[in-house]
Amino acid sequence: MPTVDDILEHIGEFNFFQKQTFFLLALLSAAFTPIYVGIVFLAFTPDHRCQSPGVAELSRRCGWSLAEELNYTVPGPGAAGEASPRQCRRYEVDWNQSALGCVDPLAGLAANQSHLPLGPCRHGWVYDSPGSSIVTEFNLVCANSWMLDLFQSAVNVGFFIGSVGIGYIADRFGRKLCLLVTILINAASGILMAVSPNYTWVLIFRLVQGLVSKAGWLIGYILITEFVGLSYRRTVGIVYQVAFTVGLLALAGVAYVLPHWRWLQLTVTLPNVCFLLYYWCIPESPRWLISQNKNAKAMRIIKYIAKKNGKSLPASLQSLRPDEEVDEKLNPSFLDLVRTPQIRKHTLILMYNWFTSSVLYQGLIMHMGLAGSNIYLDFFYSALVEFPAALIIILTIDRIGRRYPWAASNMVAGAACLASVFIPDDLQWLRVIIACLGRMGITMAYEMVCLVNAELYPTFIRNLGVLVCSSMCDIGGIITPFLVYRLTDVWHELPLVVFAVIGLVAGALVLLLPETKGKALPETIEEAENMRRPRKNKEKMIYLQVKKVDIPFN
């Protein structure tokens, strides 16, 4: 029975149909960016201070500048330069009383302003920002700052639950159906979030977006890798992730033009409405249909692909039959990911590497910080470093393979973290270079784990395997802030030491995985279990066939 890869060699591995489908799914990849990192703009926290009734009127009457108003009416920083008193406390003073003068108005109330009683911000806050965010609209600062943490945690919890649940549905009921459902729910929840009247509804709709958005992004990845031929699979997988980086750059520009969070949320959600048109543009995966014994439907789609590519399907390839030992369609199960020894090993190593990629990718950004104060330029520059990482992968992955570049990228990231611990502060330029190497290394590792994950599982559990393993990056995203900020309180460089150990261990574990360069996607459990010995088996088979033919001529 010919495989899908055999058929694609005749009808086109990356012709018009695949290019069109890849472009459409790459747009989906770019549109995932605002959900994954949109909190940078949707929930930015500007400088703020307590709003005190009467201060604005007194300032206008006295003709104060903003600096004078702050100096006279806002408490100074606390001990050790803490900003909390300035941002979260106010003088317990009635600013409407007429006895207050324009020159040092508090002098008549206390000889030293530090002796004046301070109280909480009962009347809200004043924010030094021309735009708005959920922080400024719902006052998620000071005692309510935990609500911002909850907002981000809700997205990661949604990623975790949605990836596992929707992954099972995608392997059970098909890639296309699940993709369209996730797009519809993502679009609806995104628009409803933009018009939500209060924080509670914003949180609920953000959670819903998390439940479906990452799963939709990964289903798109699975679809494009199943549509293209073997020789193009790695390239489209990498460029699909580069589309996410393009989304980072676009998000910075859109956020700059639209500094108000509701308009920004609505604008970045609207493309998902257009993605519903994919119902007429993208067919179901033939590989999945064959794994479910729906060979007639698979053949219709294969003929459609051949027609779009301007190719004819040879008669010898126009009948597909399931393996003899498969009597009924295969239903994916979570146990299939750990039932057999090799797939179990693959699952555990992949889960750890997803976790590592998330912790180091986000942790390095949090620990190093961004130079300057322009949030838009900082975000833009931080995204640019991801392009060289993708280029290096494209240039090396076919020459060297998957395993060694992947292991090396993890080790480079870990080594960069360890090296940064010993670089003195006065060599800031060297610290920046090492930090960029670490960021580039973990970006490569992130892209490699997504690529290889899809290549190590048989078709009927491929989607489930990718989504279950990748759910560990959501666990990493939840705990990374605690790793960074809590360990920094103990020793500023301690998070880098932890990141170094995690990265180096991940690189060593990658070497235990089989090389997938030049290999067809496994279709069955047996093929996935024997991935380390396909060349040897194939050579034995050819040898025996030649021997049988030669015997009659002796």
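Residues numbered from 1 in each chain as written. Predicted model: local features only at pLDDT ≥ 70, side-chain atom pairs only at ≥ 80, totals over all residues. Heavy atoms only, no water.

If you look the protein up in an unreviewed UniProt entry, it shows as Solute carrier family 22 member 2 from Suricata suricatta. Recorded in UniProt for the protein, the comment headed Sequence similarities (unreviewed entry) runs: "Belongs to the major facilitator (TC 2.A.1) superfamily. Organic cation transporter (TC 2.A.1.19) family." (UniProt positions renumbered as here; feature names shortened; annotations may be inferred.)

Caption draft 1: Just the overall build of the protein, in detail. Counting its secondary structure elements, the protein contains 24 helices and four strands. For the protein, buried positions account for 52% of its 554 residues. The long-range share in the protein, meaning contacts at least 24 apart out of those at least 6 apart in sequence, stands at 82%. Of the roughly 25300 Å² that the protein leaves accessible, carbon and sulfur atoms contribute 65%. (Helix = DSSP H or I, 4+ residues; strand = E, 2+ residues; numbered from the N terminus. Buried < 20%, exposed > 50% of the residue type's maximum accessible area, 1.4 Å probe, protein only. Contact = heavy atoms within 4.5 Å. Areas by Shrake-Rupley, 256 points an atom, 1.4 Å probe, with all protein chains shown as cover.)

Caption draft 2: Just the packing of helix H10 (residues 175-194) against helix H13 (residues 261-275), in detail. Interaxial distance between H10 and H13 falls to 8 Å at its minimum, and their mutual angle equals 160 degrees. In this view, H10 runs roughly antiparallel relative to H13, as classed from their interaxial angle. The chirality of how H10 crosses H13 is left-handed. Residues Leu180, Ile183, Asn186, Ala187, Gly190, Ile191, Met193 and Ala194 of H10 lie in contact with H13, whose contacting residues are Trp261, Arg262, Gln265, Leu266, Thr269, Asn272, Val273 and Phe275. By residue class, the composition of the contact of H10 with H13 is 10 nonpolar, five polar and one charged. (Axes fitted to C-alpha atoms, helices over the stretch in contact; angles between N-to-C directions. Parallel < 35°, antiparallel > 145°, perpendicular 65-115°, else oblique. Left-handed = near helix turned anticlockwise from the far one by under 90°. Nonpolar A, V, L, I, M, F, W, Y, C, P; charged D, E, K, R; others polar.)

Caption draft 3: Quick look at the state of the cysteines. The full count for this structure, using the stated rule, is two disulfides. Between the sulfur atoms of Cys88 and its disulfide mate Cys142 the distance is 1.9 Å. Taking the sign of the S-S torsion, about -95 degrees here, the bridge from Cys88 to Cys142 comes out left-handed. On the criterion of sequence distance, the pair formed by Cys88 in helix H7 (residues 84-88) and Cys142 in the loop between helix H8 (134-138) and helix H9 (146-173) is long-range, its members being 54 residues apart. (Disulfide = S-S within 2.5 Å.)

Caption draft 4: Up close: the side chain of Glu284. Relative to the assigned elements, Glu284 resides in the loop between H13 and helix H14 (286-291). A polar side-chain atom of Glu284 sits 3.1 Å from the main-chain amide nitrogen of Arg175. Polar contacts involving the side chain of Glu284 include one to the main-chain amide nitrogen of Lys176, which spans 3.2 Å. Apart from the residues lying within four places of it in its own chain, the contact partners of Glu284 are Gly174, Arg175, Lys176, Leu177, Phe227, Leu289 and Ile301. (Polar contact = N/O pair within 3.5 Å; in protein donor to acceptor, adjacent residues only side chain to side chain.)

Caption draft 5: Up close: the packing of helix H2 (residues 16-31) against helix H11 (residues 199-227). Packing of H2 against H11 leaves a shortest axis separation of 10 Å and a crossing angle of 165 degrees. Classed by the angle they form, the pair H2 and H11 counts as roughly antiparallel. By crossing handedness, the relation of H2 to H11 is classed as left-handed. Contacts between H2 and H11 involve Phe17, Gln18, Thr21, Phe22, Leu25, Leu28 and Ser29 from the former and Gly216, Trp217, Gly220, Leu223, Ile224 and Phe227 from the latter.

Caption draft 6: Quick peek at unusual backbone geometry. Phi at Asn139 is positive, roughly 55 degrees, even though this residue is not glycine. Along the polypeptide, Asn139 turns up in the loop between H8 and H9. With a phi close to 55 degrees, Cys142 is a non-glycine residue in the positive phi region.

Caption draft 7: Quick look at the environment of Asp171. Mapped onto the elements of the fold, Asp171 is located in helix H9. Separated by 120 residues in sequence, Asp171 and Ser291 place their C-alpha atoms 9.6 Å apart. Aside from chain neighbours lying at most four places away, what touches Asp171 is Trp288, Gln292, Pro332, Thr459, Phe460, Ile461, Arg462, Asn463 and Leu464.

Caption draft 8: Structural view of H11. Under the 1.5 Å per step criterion, the end-to-end length of H11 is 42 Å for 29 residues, consistent within 8% with the ideal 42 Å. Along H11, the helix axis deviates most sharply at Gly210, where the bend reaches about 25 degrees. For H11, the tally of buried residues reaches 23 of 29 residues, placing the bulk of the element in the interior. You can read the cap of H11 off the contacts: a side-chain oxygen lies 3.3 Å from the backbone nitrogen of Thr200, and it is on Asn198. (Expected span 1.5 Å × (residues − 1). Bend = angle between axes of the 7 residues up to and from the residue.)

Caption draft 9: Molecular detail of a nonpolar patch on the surface. A surface patch of nonpolar side chains, amounting to about 520 Å² of accessible area, comprises Ile169, Phe173, Leu177, Val181, Leu184 and Ile185. Considering each element in turn, the nonpolar patch owes the most residues, four residues, to H10. Assignment of secondary structure puts Leu184 in helix H10. (Patch = residues over 30% accessible without salt bridge, like charges linked within 9 Å, V, L, I, M, F, W, Y side chains within 5 Å. Salt bridge = Lys/Arg side-chain N within 4 Å of Asp/Glu carboxyl O.)

Caption draft 10: Expanded view of the pattern of salt bridges. Inspection of every chain in the model, using the stated rule, returns eight salt bridges. Between Glu57 and Arg60 there is a salt bridge; the shortest N-O distance is 3.9 Å. Residue Glu57 and its partner Arg60 are both found in helix H5 (residues 55-62); the two are separated by three residues, about one turn of the helix. The partly exposed category is assigned to Glu57, whose relative accessible area is 44%. One salt bridge connects Glu455 with Arg233, and the closest N-O pair in it is separated by 3.4 Å. Note that Glu455 is positioned in helix H20 (residues 428-455) and Arg233 in helix H12 (residues 230-257), a separation of 222 residues in sequence. Per residue, the accessibility class of Glu455 equals that of Arg233, and both read buried.

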